Each structure stands twice: as C-alpha cells, then as structure tokens.
Amino acid sequence: MYSSQDLREMLPLVLHSAPHVELPPGASLASVLVPVLVSSPDPRLVFTRRTDTLSRHAGEISFPGGLADQGEDPASAALREAEEELGLPPGDVELVGTLSAVHTHVSGILIVPCVGLLGKDPRFTPNAYEIADVLEFRLADLVARGAEANFEHEGSTFRTYVYDLDGQVIWGATARILWSFIELLHSHRRSGAVRPA
C-alpha cells in the first residue's frame, strides 16, 4: 500500500505541474481540491458531505471546490473554495499538481482536480450552509473499496465508479476523480511513469 512518504515522492512525478485547460463549447470551469493528509504514515483523503438544502448535488460526498471566478486559475479557485467551505487556510496546503480534468456532460462543467498535501491535521470550520459534514477516509480503504458498478440515482441507473465505505457512498464525478488519482499511483508503481506533459 501507499505510505505518506510514498505519496510525497510519487505525486510530484505523476501529476500535471501546469495544466493546459481547454473549455469545451458552452462549458464552465470549476476546480476542486483533493486534500491528502500526510501527517501520519497512513495517508487519508478529506471529503465533504454537502447539505441537503443545496440546489445542486444536495447530500452528496464531494471534494471541496466549485466554479472558478472570471480569470481565476484552477489552483487559486480550489484553494479559495476550500477556505470558504472548510476554513482551510491556503498556506496550510502544499499544492503538488493536478489530475486530468473531468467533464460533467450533463451539467456542462469542466472540473480541474488540484492535489494538495496537508502536513498537519487542520481544525476544519465547515460552512454550515454548504457543508453538512467533513469526512476523512484512509487511502488504503478507498483503494480496497472502489469498483465500477451500476448505480441508481433519482430513478435512473447508470454505470459509474462507486466507493462504498460502510454506507458512505462516493459516486459520480468525485468517484471518477478519485479513481484517476488511485490509478495514477498504481500506474506509476507498475511502470515508473514520469511527470505528464
């Protein structure tokens, strides 16, 4: 499995250092922070559960993030949103690169996932309007629980990646981002991949 030291060594090699983002016609740019706690040898990832009162993605588990402001780059947007949603100071986050962007075709949003290391456990102060809960899952558990499956949501069934951690279910775009993160680690370990262009 992957230790915190493994991630510190691997992630700068395999993540995009300066992503080139091309928005599809009609799409909006968004960014999320993938917060990785490396304060102990056993790394954990941080997620939020959105409140049930939000108009979009109510009650879902996601990474902190949202739409970028006009002219705002993905890293700045991710850090701003993490501070607004979790009270996480940008100075506490060591950005190490980005994953490939994820396009949500239904909502027309291009999401750039920015990976950030947290060297100490923060004291989160979640925004009560947006965030119902802050969740932390061990990377080892996420690796073990991920699968591609048929998933039912609001009367529709579709194929997606799903992570079910004792009833805490991660799916949709967040699961796609998480899957790409884990696959990047696996690929590097198998082949010794170098940093993407």
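Model, not experiment: these values are computed from the prediction. (Residues numbered from 1 in each chain as written. Predicted model: local features only at pLDDT ≥ 70, side-chain atom pairs only at ≥ 80, totals over all residues. Heavy atoms only, no water.)

> Any chance you could explain the packing of aromatic side chains here in plain terms?
Given two aromatic rings, their pairing is described by the distance between the two centres and the angle made by the two planes. Evaluated as defined, the whole model comprises four aromatic pairs. Ring-pair connections join several aromatic residues into one group, and the members of that group are F47, F63 and F137. (Phe/Tyr/Trp six-rings, centres within 6.5 Å; stacked < 30°, edge-to-face > 60°.)

> Can you help me understand the packing of helix α1 (residues 4-14) against helix α4 (residues 172-191) in this one?
Packed helices, taken two at a time, are described by their axes: the angle between them and the distance between them. Following both chains from N to C, one finds α1 and α4 inclined at 95°, their axes separated by 10 Å at the closest point. On the basis of the axis angle, α1 is roughly perpendicular to α4. On α4, the residues that touch D6, L7, M10, L11, L13 and V14 of α1 are F181, L184, L185, H188 and R189. Class assignment for the residues of the contact of α1 with α4 results in eight nonpolar, one polar and two charged. (Axes fitted to C-alpha atoms, helices over the stretch in contact; angles between N-to-C directions. Helix = DSSP H or I, 4+ residues; strand = E, 2+ residues; numbered from the N terminus. Parallel < 35°, antiparallel > 145°, perpendicular 65-115°, else oblique. Contact = heavy atoms within 4.5 Å. Nonpolar A, V, L, I, M, F, W, Y, C, P; charged D, E, K, R; others polar.)

> Please clarify how the nonpolar core should be interpreted in this entry.
Buried together is how nonpolar side chains tend to be arranged in soluble globular proteins. In terms of nonpolar packing, the biggest core is built from 35 residues, with L11, L45, F47, L142, I170 and F181 touching the most fellow members. Within the residue set of this core, elements represented by two or more residues are α1, β1 (28-37), β2 (44-50), β7 (109-118), β8 (131-138), α3 (139-145), β10 (156-165) and α4. Per-element accounting of this core gives the leading share, six residues, to α4. Filtering out sequence-adjacent residues up to four positions away, L45 remains in contact with V34, P35, V36, F63, L135, E136, F137, L139, L142, L178 and F181. Counting 16 residues, the second-largest nonpolar core is a separate cluster that includes L29, L33, L37 and A78. (Core = buried A, V, L, I, M, F, W, Y, C linked by side-chain atoms within 4.5 Å. Buried < 20%, exposed > 50% of the residue type's maximum accessible area, 1.4 Å probe, protein only.)

> In this structure, what is going on with helix α2 (residues 74-86)? I would like to understand it.
Given 3.6 residues per helical turn, the α-helix brings residues three or four places apart onto the same face. Given a rise of 1.5 Å per residue, 13 residues ought to cover 18 Å, and the 18 Å separating the end C-alpha atoms of α2 matches this to within 8%. Taken residue by residue, α2 has P74, A77, A78, L79, R80, E81, A82, E85 and L86 as its buried positions. By the N-cap criterion, in which a side-chain oxygen at the helix start approaches the backbone nitrogen of a residue two or three places on, α2 is capped by D73, the distance to A75 being 3.1 Å. Backbone geometry just downstream of α2 places G87 in the positive-phi region, at approximately 70°. (Expected span 1.5 Å × (residues − 1). Polar contact = N/O pair within 3.5 Å; in protein donor to acceptor, adjacent residues only side chain to side chain.)

> Whenever I open this one, the environment of T160 confuses me. Can you help?
Relative to the elements of secondary structure, T160 occurs in strand β10. Classification of T160 as buried rests on a relative accessible area of 8%. Taking C-alpha positions, T160 is 6.9 Å from W171, a pair spaced 11 residues apart along the chain. Setting aside anything within four residues of it in sequence, one finds T160 in contact with A147, E148, A149, F151 and G172.

> Any chance you could explain the confidence of the model for the protein here in plain terms?
For residues with low pLDDT, the predicted coordinates do not support detailed interpretation. Considering every residue of the protein, the mean pLDDT works out to 89; 92% of them sit at 70 or more. Here strand β9 (residues 146-153) stands out as the least confident element of the protein, with mean pLDDT 80; strand β5 (residues 94-98) is the most confident, with 97. Below pLDDT 50 for its whole length, residues 193-197 participates in 14 contacts with residues either more than four positions away or in separate chains. (pLDDT = per-residue confidence, 0-100.)

> What am I meant to see in the pairing of β10 here?
If a strand is regular, its side chains alternate between the two faces of the sheet. Summarising the sheet, β10 and strand β11 (residues 168-170) pair through three bridges and their orientation is antiparallel. If you follow D164 over to β11, its bridge partner there is V169. Linking β10 back to β11 in an antiparallel pair, the connection comprises two residues, with D166 at a positive phi of about 55°. (Pairing = 2+ DSSP bridges.)

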